[in-house]
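Structural overview
In case you want the letters, here they are:
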Amino acid sequence: MRVRDLPLSAALVSHYESNGIEELYPPQAAAVEAGVAEGGRVVAAIPTASGKTFIAELAMLTAEGPALYIVPLRALAREKYETFDRLPGVSVGISTGDFDADEAELGDHDIVVATSEKVDSAIRNGAPWVERLACVVVDEVHLLGAPGRGPTLEVTLATLQRRVPDLQLVALSATVDNPEVIADWLDAALVESTWRPVSLRTGVYADETVEFDDGTDLDVVVPPTGPNDDEATEATVALVEDAVETGGQCLAFVRSRREAEALADRLAGEDLSPAPALGDELDELGGTATGRQLSECARTGVGFHHAGLRSAHRVAVENAFRDRRLAVICATPTLAAGVNVPARRVVIRDQKRYTGDSMAWIPVLDVHQMCGRAGRPHLDPFGEAVLVGDADTKAELFDRYVTADAEAVDSQFDDPEALRTHVLSVVASGFADSLDGVADVFSATYYAHQNPSVDLAELVADVVSELEAMELLDATGGTLSATTLGAQTSRQYVSPTTGARIVSGIRTIETMADEHVTARTALEIVCDTPDMHDTYLGNRERALMYQYARSHAAEFTTAMHDADPFEEWLTAVKTARILHEWTEGSDIEELVERYRIGPGDVESRVERAEWLLGAADALCAALDTDVPEFREVRALLSP
DNA sequence: TCTCCGCGTCTTTAGACAGCATGTC
DNA sequence: CTAAAGACGCGGAGA
């Protein structure tokens, strides 16, 4: 099947042909046969880089009306926006939390790219463009199974389907174990394939040999390891060097941020592919110890990448790798699911990760996503993924990751926090005003599809009484309605728990002496909510933080003897302290040194605090009171 | 007396979505 | 079902 045979305009056909796309890949042809270009609903469970984007474009370009492309990450939204924006005669809009697009004109575009939360929020707040959609494409639908964010996606899709009856839905998934269940839920045809444009061989390293799944072998010379050398690290170094020496780029995945940096330092000593100019450019992005370490490594062609990096540094590393100025990136799993950064070879040194109480195997799906980064279409003759093991683990790694299928995608909707959030939002946005009404909305979720025997009304009833106790919902006379607080909580897009915590904080403030209400008070409230990320509190800092908490006890809305659990509250105090020092003029470098967090962590917490302080201000209005500190601190956060 | 090494113990551990309203130029 | 590696600190041996 050829591009020119598709129902596309001449301009589009020549755009594709001039980019070397003439003949459809087999999965793309299968999607066309399943009807993507004629308004048909399709779920495509196919590997990364096998032409998913083209399938999406086909659906959106042939749909008779505006299209929405839903992604899980802002960085991905920007990447797709740029891709779609290159299509001739197509107007593209973008809507994410950090990107201020003018809402009013969103409906005028042919394609809108948005994160799933942004779409959820738009639906809740009655954005008019939602009703006019003809086509919705969901990227990475397998995230339906992600705790925390999966429920948002399934409610969003359930609501979209109800509000726009003839909507064309196209869902793109990684290869998972139960794509047919997702397809069945969405009433879509399933296209399943493992075909890739660049062949990929996956193997396990042990004893100086990589044994691949296609029966081939690769010998690697690993210099004898000294007493202080880690065997897996030395093997990783050898595998990386081998890839670079034969003209390929390499991604190395490790367990933690610190190890990503350590491996980069180790590889920098090998002087693989000098790029001094890149080091200078990175230096210009501003100095923190992490930034300087990065630029030093980059001079030798080695980069590292993790969420502790400021986003400007992350983007610079991704771009430098794409431009082939970096030969290697040592990364945590950030790079596995983010923007497109393909390499000739992927080396996965660590396959276990700390999960809060013990070391657990990384999910098969995650490892497959990392492996999927191997092989650049049009640039590499093949891709290789290597799991580093040893004689003892080789067989297990093969069974667990090379031969095995990825996990099934299971709904996480019955998580209490998710249920509270969505019951509140359904009522607050006026989609239902009774138990049965809410249950009816939920009957279209993936959860209901997977658990047909669960009594949704019963599930909802429990949640409703919780929300009543939190003063967010009113259920008198059997009719459900959101209280002013509940409406504001839903509109501000904070979780019910966060809303209730802020409200109780505001009430405590009203009982406090004026001189005790300070910036610290506002920050303590906002940092003590589940919507603010925790900041690790080290053992050594604990005593100091305890002292700090005591000396400012009068300013906090939580009495120390009431804090429960105390450790969690002390963690919130640490975050509040960091943010407070930020508002007082400390720069990232000082904070990073003082509190042992990454530059990127400071950045992300400042961002969230802005959002939550805004929500707190809005909740004040709903309570008919005013705490100017919320606005004042917020203004100080963003210089 | 200073330095360095060996060894036992302590510390730390991936990622990252989201809001708004009202008037004014 | 399930931890593991690096940093740190201390004591002792050697220069």
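Quantities reported herein were computed from a predicted structural model and do not represent experimental measurements.

1. Overview of the overall build of chain A
Scanning chain A for helices and strands turns up 27 helices and 19 strands. Taken along the three principal axes of its C-alpha coordinates, chain A extends 70 × 60 × 45 Å. For chain A, the proportion of its 639 residues judged to be buried stands at 54%. Contacts in chain A between residues at least 24 apart in sequence constitute 72% of all its contacts with a sequence separation of at least 6. A total accessible area of about 26,600 Å² is found for chain A, and carbon and sulfur atoms account for 47% of it.

2. What about a negative patch on the surface?
On the surface, Asp207, Glu208, Asp217, Asp219, Asp229, Asp230, Glu231, Asp390 and Asp392 cluster together to form a negatively charged patch. Along the chain, Glu231 turns up in helix α8 (residues 231-245).

3. Points about the packing of aromatic side chains
Taken as a whole and judged by the stated rule, the model has 10 aromatic pairs. For the ring pair Tyr25 and Trp195, a centre distance of 4.8 Å and an interplane angle of 45° mean the geometry is tilted. Here Tyr25 is found in the loop between α1 (10-18) and α2 (26-33), whereas its partner Trp195 is found in the loop between β7 (189-192) and β8 (200-206), with 170 residues between them in sequence. By relative accessible area, which is 23% here, Tyr25 ends up partly exposed. On the numbers, 4.9 Å between centres and 85° between planes, the contact of Phe413 with Phe442 is edge-to-face. Of this pair, Phe413 sits in the loop between α15 (394-403) and α16 (416-428) while Phe442 is found in helix α17 (residues 435-442), placing the two residues 29 residues apart along the sequence. Given the relative accessible area of 0%, Phe413 is considered buried. Through successive ring pairs, a cluster of aromatic residues spans Tyr546, Phe556, Phe566 and Trp569. Of note, Arg201 hangs over the ring of Phe382, and the distance from its end group to the ring centre comes to 5.9 Å. Taking the ring centre of Trp361 as reference, the NZ or CZ of Lys352 above it sits at 4.8 Å.

4. Section: the packing of α16 against helix α19 (residues 456-469)
Where α16 contacts α19, the axes come no closer than 10 Å and their chain directions differ by 85°. By the angle between their directions, the pair α16 and α19 is classed as roughly perpendicular. Contact residues: Leu419, Arg420, Val423 and Leu424 in α16; Leu459, Val460, Val463, Val464, Glu466 and Leu467 in α19. Here the contact of α16 with α19 is built from residues that sort into eight nonpolar, no polar and two charged.

5. Some words on the domain arrangement of chain A
How big an interface is tends to be reported as the loss of accessible area on association of its parts. Domain boundaries in chain A define domain 1 (3-192), domain 2 (200-400), domain 3 (416-491) and domain 4 (496-637). For domain 1 versus domain 2, the separation of C-alpha centres amounts to 31 Å. Listed per partner, the contact involves 12 residues of domain 1 and 11 residues of domain 2. Carbon and sulfur atoms make up 54% of the area that domain 1 and domain 2 hide from each other, which totals about 790 Å². Taken together, the links from domain 1 to domain 2 amount to one salt bridge. Between Arg322 and Glu79 there is a salt bridge, with the nearest N and O atoms lying 3.9 Å from each other. Counting the contacts that link domain 1 with domain 2 gives one residue pair in polar contact (both at pLDDT 80 or more). A class-by-class count of the residues in the side of domain 1 that touches domain 2 yields seven nonpolar, three polar and two charged.

6. Thoughts on the sheet that holds strand β17 (residues 383-388)
Strand order in the open sheet formed by eight strands is β10-β9-β8-β17-β14-β11-β13-β12, with mixed pairing between adjacent strands. At either margin of the open sheet sits one strand with a lone partner, and together these are β10 (217-219) and β12 (302-305). Averaged over all neighbouring strand pairs, the angle between strand axes comes to 20°, with direction disregarded. As judged from the four bridges shared by strand β11 (residues 250-253) and strand β14 (residues 345-348), these two strands associate in the parallel manner. Paired with Phe253 across the bridge in β14 is Ile348. Against the sheet, helix α14 (residues 364-371) touches β8, β11, β14 and β17, its axis set at about 145° to β14.

7. With respect to the sheet that holds strand β5 (residues 135-138)
As summarised here, the arrangement of the seven strands in space is β3-β4-β2-β5-β6-β1-β7, forming an open sheet in which the pairing is parallel. In the strand order of this sheet, the two ends are held by β3 (92-95) and β7, each with one partner. Within this sheet the neighbouring strands show an average axis-to-axis angle of 15°, counted without direction. Where strand β2 (residues 67-71) meets β5, four bridges bridge the pair, whose relative direction is parallel. Paired with Tyr69 across the two strands is Val137, which belongs to β5. Running over the sheet, helix α3 (residues 52-62) touches β1 (42-45), β2, β4 (111-115), β5 and β6 (168-173) and is turned about 175° from β6. Running over the sheet, helix α4 (residues 74-85) touches β2, β3 and β4 and is turned about 175° from β3.

What counts as what
- Residues numbered from 1 in each chain as written.
- Chains lettered and ligands numbered in written order.
- Predicted model: local features only at pLDDT ≥ 70, side-chain atom pairs only at ≥ 80, totals over all residues.
- Heavy atoms only, no water.
- Helix = DSSP H or I, 4+ residues; strand = E, 2+ residues; numbered from the N terminus.
- Buried < 20%, exposed > 50% of the residue type's maximum accessible area, 1.4 Å probe, protein only.
- Contact = heavy atoms within 4.5 Å.
- Areas by Shrake-Rupley, 256 points an atom, 1.4 Å probe, with all protein chains shown as cover.
- Patch = residues over 30% accessible without salt bridge, like charges linked within 9 Å, V, L, I, M, F, W, Y side chains within 5 Å.
- Salt bridge = Lys/Arg side-chain N within 4 Å of Asp/Glu carboxyl O.
- Lys, Arg positive; Asp, Glu negative; His and termini not counted.
- Charge placed at Lys NZ, Arg CZ, Asp CG, Glu CD.
- Phe/Tyr/Trp six-rings, centres within 6.5 Å; stacked < 30°, edge-to-face > 60°.
- Lys NZ or Arg CZ within 6 Å of the ring centre and 35° of its normal.
- Axes fitted to C-alpha atoms, helices over the stretch in contact; angles between N-to-C directions.
- Parallel < 35°, antiparallel > 145°, perpendicular 65-115°, else oblique.
- Nonpolar A, V, L, I, M, F, W, Y, C, P; charged D, E, K, R; others polar.
- Domains from an automatic or database assignment.
- Buried area = accessible area lost by both parts, 1.4 Å probe.
- Polar contact = N/O pair within 3.5 Å; in protein donor to acceptor, adjacent residues only side chain to side chain.
- Pairing = 2+ DSSP bridges.

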